[in-house]
Amino acid sequence: MKGGTEESRGGARRRLPKLKIPAKIWKNRKQQNYDEDDELDCVVEVQQEQEEQLEEISRRLIIREDELFSQDAPSEEEEEEDQLQKDFEDLRLQICMAIHNTFTPSSSCSSSSSSSTKHLEVLRSAVASIQQQEVQDRRWADCSQDRVPVWRPQKCLSTHNALLQNMVEDRLTKAAEDDSGGVDKLSSAVKRQVCRMGKCVKEDLLSVVRTVKDCYPPQMDILNVYAALYHRSFFARLTELATSELETEDCSYLLFWVNHYYPLEILKHEELDGQIKTACLGSLLLKGDLNRLEEQYLVHKEDKVKLWLNTALKKEKESWLSGRAPELIDCYYFSPLAVDVIQVTDGCLTEFNCAIKDQSKTQRLTAHLENFLCSYKKCVEEFVKGNHSNVRSVIKAQLVCEQQLRDYITRQTGSLSEEQRRRCLDTLSALRDCGYQCFTGPTQVQLKVRLSQLWTATWVDGSLPVVDSLLDSLNQQLADLIDLKPACRQSLLCALHQDVVLKYVKRMLQSRMKSREQQVAGAQRMIEDSQKIDRFFRDEGGSEASWLGVMLCRLAEILSLQDPASVQLELVSLARTFPDLSDAHVSALLSLKTGLSAADVRSIRRSVEENRLLDVSTNNNPPFFSKVKVKWISKKINQMVLKP
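Residues numbered from 1 in each chain as written. Predicted model: local features only at pLDDT ≥ 70, side-chain atom pairs only at ≥ 80, totals over all residues. Heavy atoms only, no water.

1. Concerning the nonpolar core
Right, on to step 1. Of all hydrophobic cores here, the largest spans 173 residues; its most connected members are Y226, L238, Y376, M508, M526, L571 and F624.
Right, on to step 2. With 11 residues, the top contributor of residues to this core is helix α18 (residues 486–510).
Right, on to step 3. If sequence neighbours within four positions are ignored, L571 has contacts with I558, L581, V586, L589, L590, I604 and V608. (Core = buried A, V, L, I, M, F, W, Y, C linked by side-chain atoms within 4.5 Å. Buried < 20%, exposed > 50% of the residue type's maximum accessible area, 1.4 Å probe, protein only. Helix = DSSP H or I, 4+ residues; strand = E, 2+ residues; numbered from the N terminus. Contact = heavy atoms within 4.5 Å.)

2. With respect to the environment of R237
Right, on to step 1. As for its placement among the helices and strands, R237 is situated in helix α9 (residues 222–242).
Right, on to step 2. The partly exposed category is assigned to R237, whose relative accessible area is 23%.
Right, on to step 3. For R237, the contacting residues outside a window of four places in its chain are E169, L172, T173 and M197.

3. Observations concerning the packing of helix α21 (residues 564–577) against helix α23 (residues 598–610)
Right, on to step 1. Across the interface, α21 lies against α23 with an axial gap of 9 Å and an inter-helix angle of 30°. Classified by the interaxial angle, the pair formed by α21 and α23 is roughly parallel. Note that α21 runs across α23; the crossing there is right-handed. Facing α21, whose interface residues are P564, V567, Q568, L571, V572 and A575, α23 presents D600, S603, I604, S607 and V608.
Right, on to step 2. Split into classes, the residues belonging to the contact of α21 with α23 amount to 7 nonpolar, 3 polar and 1 charged. (Axes fitted to C-alpha atoms, helices over the stretch in contact; angles between N-to-C directions. Parallel < 35°, antiparallel > 145°, perpendicular 65-115°, else oblique. Left-handed = near helix turned anticlockwise from the far one by under 90°. Nonpolar A, V, L, I, M, F, W, Y, C, P; charged D, E, K, R; others polar.)

4. Let's talk about the state of the cysteines
Right, on to step 1. Scanning the entire structure with this criterion turns up 0 disulfides.
Right, on to step 2. Free of any disulfide, C424 has its nearest cysteine sulfur in C374, 7.6 Å distant.
Right, on to step 3. Residue C424 is classed as buried on the basis of its relative accessible area, which comes to 1%. (Disulfide = S-S within 2.5 Å.)

5. Quick look at the pattern of salt bridges
Right, on to step 1. Taken as a whole and assessed by the stated rule, the structure comprises 31 salt bridges.
Right, on to step 2. Here K86 makes a salt bridge to D90, at a shortest N to O gap of 3.3 Å. In this pair, K86 and D90 are both assigned in helix α5 (residues 78–100), 4 residues apart and thus about one turn of the helix distant.
Right, on to step 3. Residue class for K86 comes out partly exposed when judged on its relative accessible area of 36%.
Right, on to step 4. Classification of D90 as buried rests on a relative accessible area of 17%. (Salt bridge = Lys/Arg side-chain N within 4 Å of Asp/Glu carboxyl O.)

6. Structural notes on the packing of aromatic side chains
Right, on to step 1. With the rule as written, the count across this model stands at 15 aromatic pairs.
Right, on to step 2. Measuring from ring centre to ring centre gives 6.0 Å for W547 and F578, while their planes differ by 40°; the resulting arrangement is tilted. With W547 in helix α20 (residues 547–560) and F578 in the loop between α21 and α22 (583–591), the pair connects residues that are 31 residues apart, well separated along the chain.
Right, on to step 3. The buried category is assigned to W547, whose relative accessible area is 16%.
Right, on to step 4. Accessibility expressed as a relative area gives 4% for F578, which makes it buried.
Right, on to step 5. Where F578 meets F625, the ring centres are 5.8 Å apart and the plane angle is 75°; that geometry is what we call edge-to-face. Placement of F578 in the loop between α21 and α22 and of F625 in the loop between α23 and α24 (635–642) is noted, with a sequence separation of 47 residues between them. No difference in accessibility class separates F578 from F625, as the two residues are buried.
Right, on to step 6. Put simply, the rings of F234, Y253, F256, W257, Y261 and Y262 pair up and form one aromatic cluster. (Phe/Tyr/Trp six-rings, centres within 6.5 Å; stacked < 30°, edge-to-face > 60°.)

7. Thoughts on the side chain of R554
Right, on to step 1. Among the structural elements, R554 can be located in helix α20.
Right, on to step 2. Residue classification places R554 among the buried residues on the basis of a relative accessible area of 16%.
Right, on to step 3. Beyond its immediate sequence surroundings of up to four residues, R554 is in contact with E570, S573, L574 and T577.

8. With respect to α21
Right, on to step 1. If you check α21, its first and last C-alpha atoms are 20 Å apart, about what 14 residues at 1.5 Å a residue would give, namely 20 Å.
Right, on to step 2. Where the residues of α21 are buried, they touch α20, α22 and α23. (Expected span 1.5 Å × (residues − 1).)

9. Describing the confidence of the model for the chain
Right, on to step 1. The pLDDT averaged across the chain works out to 83; a share of 83% of its residues lies at or above 70.
Right, on to step 2. When the criterion is pLDDT under 50, residues 1–51 qualifies, and its contacts beyond four places in sequence or with other chains add up to 76 contacts.
Right, on to step 3. The low-confidence segment residues 106–111 (pLDDT under 50) makes 4 contacts with residues lying over four places distant or belonging to another chain. (pLDDT = per-residue confidence, 0-100.)

10. Describing unusual backbone geometry
Right, on to step 1. Residue D330 is not a glycine yet carries a positive backbone phi of 55°.
Right, on to step 2. By secondary structure assignment, the location of D330 is in the loop between β1 (327–329) and β2 (332–334).
Right, on to step 3. Positive phi is not limited to glycine here, since C331 has a value of about 75°.
Right, on to step 4. Position of C331 relative to the elements: it lies in the loop between β1 and β2.

11. Looking at the side chain of K593
Right, on to step 1. Mapped onto the fold, K593 is located in the loop between α22 and α23.
Right, on to step 2. Among buried charged residues, K593 stands out as having no salt bridge; its nearest opposite-charge side chain is E557, 9.4 Å away.
Right, on to step 3. A polar contact is formed between the side chain of K593 and the backbone oxygen of I558, at a distance of 3.1 Å.
Right, on to step 4. A polar atom in the side chain of K593 sits 2.3 Å from the backbone oxygen of L561. (Lys, Arg positive; Asp, Glu negative; His and termini not counted. Polar contact = N/O pair within 3.5 Å; in protein donor to acceptor, adjacent residues only side chain to side chain.)

12. Considerations on the packing of helix α12 (residues 337–355) against helix α13 (residues 363–385)
Right, on to step 1. Following both chains from N to C, one finds α12 and α13 inclined at 165°, their axes separated by 10 Å at the closest point. Comparing their axes, α13 and α12 come out roughly antiparallel. Relative to α13, the crossing made by α12 is right-handed. Facing α12, whose interface residues are L337, V341, T345, C348, L349 and F352, α13 presents L365, T366, L369, F372 and Y376.

Okay, structure coming up:
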């Protein structure tokens with residue numbers, strides 16, 4: 001309205017409708033008896049120290065505005081309106097300064113706590129002033145445009161929001177360029193820049209939730225206002241970096257911030273979790289940029305993992321072929337191969353989990369672990385075939401590696417698919433069996449020769465100690481395993497224990513007992529042999545396959561029983577305990593019973609089939625009978641058992 005005549009100004013003022021001024025304001029007006037000099041004093045008050053409450057200044061200016069534009073006659077000078085406009089501009093400036101200093105409290109006070117308190121009081125007062133001015137803007141909105149003061153609407157809230165946006169962008173710009181952020185240990189300028197900006201976002205959001213939020217009314221939801229502004233600005237900065245040619249290490253670090261640290265360590269910080277509307281923010285990078293960076297990272301990591309694993313295996317093979325024995329640690333042979341492989345793999349997977357959002361992509365890395373295990377198995381098999389003087393000591397060390405790798409793969413719950421885990425464990429089982437063969441191979445011939453004497457007349461009457469001589473021979477051969485790690489020795493002995501019992505049962509099913517007395521005596525010998533075998537392997541290395549002895553005793557019980565009903569009950573129980581006991585095995589066992597009729601055999605077989613466990617997953621016994629082949633049953637015997 002500057003430049004207009006006093007008459008025109010007064011006329012406009014006289015045409016303004018009287019604004020309804022709250023009763024409290026009228027009361028203050030009457031009590032204070034403002035005159036022209038008092039109003040001039042208010043102008044001075046606007047320019048006072050920051051200790052002056054902006055809320056009170058805003059309230060007084062609104063009172064002056066209401067008084068000025070409620071008059072019917074132009075009693076004031078032109079300067080009065082101009083001064084009021086200037087006072088409002090000064091108020092806006094002080095409000096902007098208070099908002100701008102949200103994260104930088106005044107340092108004029110000697111006490112830091114006093115400075116922080118004063119800073120928050122000023123900010124709280126500025127926010128209250130904004131609310132007052134917004135209310136006053138709405139009051140003027142009902143008037144004709146030609147009757148509204150030139151400074152209306154103030155739009156303090158819009159100015160506040162624009163100021164916050166500029167302030168946030170400025171703070172991130174300064175953070176990116178600041179060299180005093182304590183990030184000198186990071187290896188590149190990109191890493192330092194991203195880290196400084198990220199720290200700024202975290203510290204400022206925590207400052208908002210701790211102190212700044214209390215200066216705003218709940219309906220303004222200032223924490224989410226700041227979160228959205230910082231997210232948008234951080235997004236723009238990282239997008240600019242992502243579209244440039246990044247080194248692989250910088251790419252990895254950027255992905256770490258985008259997929260891990262920002263969403264989990266900042267937005268999910270214990271003081272922010274649940275208060276920030278994270279679903280409204282989205283990712284810090286566009287999907288296309290994110291996919292491109294993740295692909296760059298994955299290709300690099302795949303090449304690295306493959307190179308590391310191949311190099312580790314190559315060094316291990318060179319060590320074998322050198323003819324040297326592996327290292328002895330605590331008197332047991334040891335190889336660092338498994339430890340190195342686990343460290344490389346685990347380190348890559350840990351980094352991957354932080355850098356890549358889609359965890360199913362880990363299989364691109366674990367596929368190289370699977371390939372390594374296949375190559376490792378082949379190398380061990382080839383080495384065993386060679387005539388190397390250090391083969392036994394090397395295999396002892398590799399059995400330790402196999403166990404360490406097996407434990408690691410078994411513990412992996414999210415990185416390996418179930419199919420990958422199964423294939424890896426199958427490969428390790430083949431490697432382990434190859435290693436066991438080095439030590440148990442020589443015993444196989446002895447087992448076959450000595451156990452062939454079972455179910456002979458001299459064995460049945462107890463004059464031929466078949467099992468005793470076998471165990472004496474095993475004891476001499478197992479003495480060489482003293483420098484095998486105890487856990488591996490125990491596992492090997494469990495396998496050997498099962499192999500001995502397996503061949504024992506095979507020999508039993510091949511026998512032909514012609515009399516009831518021979519069956520009863522043979523059953524007694526079986527019980528005695530079972531106890532000897534079980535005690536031997538338990539004393540040698542603590543074999544945990546005690547169930548083998550129980551199973552032998554139950555087979556002996558079936559041989560000694562003569563009542564068909566009792567035989568049926570025992571076989572049903574055995575089939576429920578060992579679900580891999582097939583109908584062919586049942587038929588083979590029944591063929592040993594000379595006193596059973598064809599009808600008895602059919603009834604027992606039918607009862608066994610009808611009473612099998614429906615859910616074999618509840619059975620914890622390892623498979624045994626599935627390893628016993630019964631094709632040797634003669635056609636004549638088979639026809640007798642299956643005869644209708």
